[in-house]
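# Structural overview
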Amino acid sequence: MKPADYILTCADAGSVLDHLVWTRWTAQQAVATGVHELNNAIPNRAEGKFIDYPAVVTLWRSEPVPGHPGEPYFTRITVRYTGPRPPAYTSNGQLVQHPAEWTQSLGLTGA
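Note that the structure is predicted; figures quoted are calculated from it, not measured. (Residues numbered from 1 in each chain as written. Predicted model: local features only at pLDDT ≥ 70, side-chain atom pairs only at ≥ 80, totals over all residues. Heavy atoms only, no water.)

## A closer look at the sheet that holds strand β1 (residues 6-7)
Strand order in this open sheet of six strands is β1-β2-β3-β4-β5-β8, and the pairing throughout is antiparallel. Two strands bound the open sheet, and with one partner strand each, they are β1 and β8 (101-105). (Pairing = 2+ DSSP bridges. Helix = DSSP H or I, 4+ residues; strand = E, 2+ residues; numbered from the N terminus.)

So, in structure tokens, the structure goes:
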């Protein structure tokens, strides 16, 4: 399945990869261009404005779905910003510059 969007934060959909156009899709790797839509939470999440950050999204590290060896899924996602990136944020009281590229694990949903 080649999704047109991917919600990164399901609680409030405040961080979404959207308008994904897949330029490569193999069993090992999938690559898309699109935008990371991020709620700026100003003055709060409910009233915040969504800002688009152009990005290349790569899905990788294909593994079989547990209990379904013939059904692989991608276990990692890497997002690389191709233009402006999200601003700095605070983590554990420290100001952190948002990276130009980040990777995280993907879990199974609905499996």
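## Remarks on the side chain of E37
Here E37 shows up in strand β3 (residues 29-39). On the basis of relative accessibility, which here comes to 16%, the residue E37 falls in the buried class. The contacts of E37, once residues within four sequence positions are left out, are G14, S15, V16, D18, H19, F50, I51 and D52. (Buried < 20%, exposed > 50% of the residue type's maximum accessible area, 1.4 Å probe, protein only. Contact = heavy atoms within 4.5 Å.)

## Some words on the pairing of strand β5 (residues 68-81)
Inspection of the sheet shows strand β4 (residues 50-65) paired to β5 by 10 bridges, in the antiparallel sense. When the sheet's bridge partners are listed, V65 is paired in β5 with H68. Two strands pair when backbone bridges link them, and β5 and β8 are joined in this way by five bridges, in the antiparallel orientation. Each residue of the ladder has a partner; that of I77, found in β8, is Q104.

## A short note on the nonpolar core
Residues V57, L59, I77 and V79 are the most contacted members of the largest nonpolar core, which totals 16 residues. When contributions to this core are tallied by element, the ones reaching two or more residues are β2 (15-25), β3, β4 and β5. Discounting residues that sit within four places of it in the chain, I77 has contacts with L17, V57, T58, L59, W60, W102, T103, Q104 and L106. (Core = buried A, V, L, I, M, F, W, Y, C linked by side-chain atoms within 4.5 Å.)

## Looking at the packing of aromatic side chains
Applying the stated criterion across every chain, the model contains two aromatic pairs. With 4.9 Å between their ring centres and 85 degrees between their planes, W22 and W25 make a pair best called edge-to-face. The exposure class of W22 is buried, given its relative accessible area of 17%. Given a relative accessible area of 30%, W25 falls into the partly exposed group. (Phe/Tyr/Trp six-rings, centres within 6.5 Å; stacked < 30°, edge-to-face > 60°.)

## Digging into the pairing of β4
Pairing geometry for β3 and β4, over 11 bridges, is antiparallel. Bridge assignment links T33 to a residue of β4, and that residue is V56.

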